[in-house]
Amino acid sequence: MSGHSRVGGAAARRVPKVRAVVLNFNGGEHVLRCVEHLTRTEWPADRFELVVVDNASGDGSDAAVQERFEQVRLIQTGANLGFPANNVAMRDLTRDGVDYVALVNNDAFVEPGWLAPLVESLEAQPDLGAACPRILFEPRFVEVVIDSPTFVPPGDGRDLGVRVHDIGVDGRSQFGLTQFIRGAWGQETGPDGPFRWTSSQAVLRVPAGGVGAGFGFTQLFLAAEATKEVTLTCGRYRVHVEVGPEPVEVQVPHWEEPFDVVNNAGSILVDDGSGADRGYLEPDGPDFDEPAEVFNWCGGGVLLRRAYLEHVGLFDERFFLYYEDTDLSWRGRRRGWRYVYEPTAVVRHHHASSSGVGSPTFRYYTERNRLLMLAKNAPARLAWRAGLGETRRAVAVVLRHYVKRPLTLRLPVRAEVAHRWRVYRGYLRLLPAMLADR
């Protein structure tokens, strides 16, 4: 860690002590990169601690951290305790004289000057409980537009263009990191692996390397139900190609500066009580260059005041994964704490590598925990409306799949019924405890 710090000004002023906490569960190379970047933080070394909390990883990443980074304190939980395992590294802040604690996802990495602006924000306003950095997606992107004739499959109802089977940059698949912004249906799996259908026009953001990447190519592997002409556009370049039933590789040239995309600029609450990333999927730019007060903070990258945690408490361990940060934020707001977004602190994030957006794990915990968080914190009318809505969805999914679908000679989708009722049962099981905590 560098000895340089912007905080303090006068030599006699005490430099706050900061602890950075990284929660790890099978983080592989991600956690090693995360810790490596944290060691480059511009902050006095004697006032900066690095702690890795390991949730019983089975990939050897915990041992790799301990071997590579002597300055890191590794805490083994002995079991996968979910995101609230961060509590293990936040219970002794007062004893150890820690003023602020930073949480950084193991699949994120900081820029060297990320910390000082966050500390300065909290030092300047004693009623701030947390300061949020500008969290950007890890890669920079170029935009590719796919225009295609469409068809409607019998019994499907969707207007479909072409199948996108893979997306490559410099010979490496980037399908998982590509952002399907508009005009694409959800991911499906076929004999050739995962794919996504487009509609008549789809807009994709494709990872394209760093600043100054200059001229390059994006490789798209496309197929369709029948032979058709498809147009692909990237900046000034336009490519016309024939696509048929077998996947074909199409190379789309680009010669433009890749741009950053916002993952989180502080967090917000939308009308139905769902938590959301402020600025999510928006191109980074002047709209995010000013500090702003936000409703809540994101646990993937944040600096928390010790006094705030002492006053409000730590993460609710019953949540396990997702919404525990929104819950803790809301609890703090009820006690008078505020939160701010600080744009000059920059963190990059490899989005949802731990559970995967749309995975069964992601869906279960986000859907269940939203309901629990509202039952615990929201105005009674909103909490009641959310619970009643989930009851209706649970009943409706049974009727749709076990009554309506058989009447049209279609098989029920049992996995969807099982998911809906798993969420509902999980909600009902913890509802009494959440209501008791209101």
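Reference entry: report on the structure contained in this document. Numbers given for residues are sequential positions, taken from 1 along each chain in its written order. pLDDT decides what is reported in this predicted model: residues at 70 or higher carry local features, side-chain atom pairs at 80 or more are listed and counted, and totals for whole chains, interfaces and linings draw on all residues regardless. In computing side-chain values, all of the structure's heavy atoms are included and hydrogens and water are not.

Details of helix H7 (residues 380-407)
- Strands are runs of DSSP state E lasting at least two residues, helices are runs of H or I lasting at least four, and both sets are numbered from the N terminus onward. Take the residue count of a helix, subtract one, and multiply by 1.5 Å to get its expected span. Between its first and last C-alpha, H7 extends 39 Å over 28 residues, near the 40 Å set by a 1.5 Å rise per residue.
- The reported bend at a residue is simply the angle between two axes, fitted to the 7 residues ending at it and to the 7 residues beginning with it. Bending of H7 peaks at approximately 35° at the position of Arg 400.
- Only protein chains enter the calculation, and the probe is 1.4 Å; a residue is then buried if its accessible area is under 20% of its type maximum, exposed if over 50%, and partly exposed in between. Those residues of H7 lying buried are Leu 382, Ala 383, Ala 386, Gly 387, Gly 389, Glu 390, Ala 394, Val 397, His 401 and Arg 405.

Structural notes on helix H2 (residues 61-68)
- Buried within H2 are the following residues: Ser 61, Asp 62 and Val 65. Taken end-on, H2 shows its buried residues confined to a sector of 105°, consistent with a single buried face. Turned more than 90 degrees away from the buried face of H2, the exposed residues are Gln 66 and Glu 67. The arc in question is traced by the directions running from the helix axis to the C-beta atoms.

Considerations on the environment of His 311
- As for its position among the elements, His 311 is in helix H4 (residues 306-312).
- Residues His 311 and Asp 325, spaced 14 residues apart in sequence, show a C-alpha to C-alpha distance of 15 Å.

Quick word on the state of the cysteines
- Our working definition of a disulfide is a cysteine sulfur pair at a distance within 2.5 Å. Summed over all chains, the structure comprises 0 disulfides.
- Not part of a disulfide, Cys 298 finds its nearest cysteine sulfur in Cys 132, a span of 7.9 Å.
- When its relative accessible area of 16% is taken as the criterion, Cys 298 is described as buried.

Here we look at the nonpolar core
- Among the nonpolar cores identified, the biggest contains 35 residues, and Val 18, Leu 38, Phe 48, Trp 114, Leu 115 and Leu 303 are the most heavily contacted of them.
- Buried Ala, Val, Leu, Ile, Met, Phe, Trp, Tyr and Cys residues form a nonpolar core when they are joined through side-chain atoms within 4.5 Å. Among the nonpolar cores identified, the runner-up in size contains 33 residues, and Leu 23, Ala 85, Met 90 and Ala 130 belong to it.

Regarding the pattern of salt bridges
- By salt bridge we mean one thing: a side-chain nitrogen of Lys or Arg within 4 Å of a carboxyl oxygen of Asp or Glu. Counted according to the given criterion, the structure contains 33 salt bridges.
- Between Arg 338 and Asp 127 there is a salt bridge, with its nearest N and O atoms 2.8 Å apart. Note that Arg 338 is positioned in strand S21 (residues 338-349) and Asp 127 in the loop between helix H3 (115-124) and strand S6 (128-137), a separation of 211 residues in sequence.
- With a relative accessible area of 33%, Asp 127 lands in the partly exposed category.
- Three or more residues joined by partner-sharing salt bridges are found here, namely Lys 17, Arg 19, Glu 49, Arg 73, Asp 92, Arg 95 and Asp 96.

So, the packing of aromatic side chains
- Aromatic pairs are defined between Phe, Tyr and Trp rings, using the six-membered ring for Trp, whenever the two ring centres lie within 6.5 Å; interplanar angles under 30 degrees are classed as stacked, those over 60 as edge-to-face, and all others as tilted. Taken as a whole and assessed by the stated rule, the structure comprises 14 aromatic pairs.
- With a centroid separation of 5.7 Å and 65° between ring planes, the pair formed by Phe 151 and Trp 197 is classed as edge-to-face. Taken as a pair, Phe 151 in the loop between strand S7 (141-147) and strand S8 (163-169) and Trp 197 in strand S11 (residues 193-207) lie far apart in primary sequence, 46 residues in all.
- Taking relative accessible area as the criterion, Phe 151 reaches 22% and is therefore assigned partly exposed.
- Taking relative accessible area as the criterion, Trp 197 reaches 7% and is therefore assigned buried.
- With a centroid separation of 5.3 Å and 35° between ring planes, the pair formed by Phe 320 and Tyr 365 is classed as tilted.

A closer look at the side chain of Arg 370
- By secondary structure assignment, the location of Arg 370 is in helix H6 (residues 360-377).
- Only four residue types enter the tally: Lys and Arg on the positive side, Asp and Glu on the negative side, with His and both chain ends excluded. Of the buried charged residues, Arg 370 lacks a salt bridge, with Asp 272 as the closest side chain of opposite charge at 4.4 Å.
- Any two residues having at least one pair of non-hydrogen atoms within 4.5 Å are treated as being in contact. Here Arg 370 is in contact with Asp 272, Gly 273, Ser 274, Tyr 323, Tyr 365, Ala 386 and Arg 393, once residues within four sequence places are set aside.

Describing the pairing of strand S20 (residues 301-305)
- In terms of residue burial, S20 counts as a mostly covered element, since 5 of its 5 residues are buried.
- Side chains Gly 301, Leu 303 and Arg 305 project from S20 onto one buried face, and the interleaved Val 302 and Leu 304 project onto a second face that is buried too.
- Two strands are said to pair when DSSP picks up at least two bridges between them. Sheet analysis places strand S4 (residues 100-104) next to S20, joined by 5 bridges and oriented antiparallel. Across the sheet, residue Ala 102 finds its bridge partner in S20, namely Leu 303.

Geometry only, nothing functional implied.
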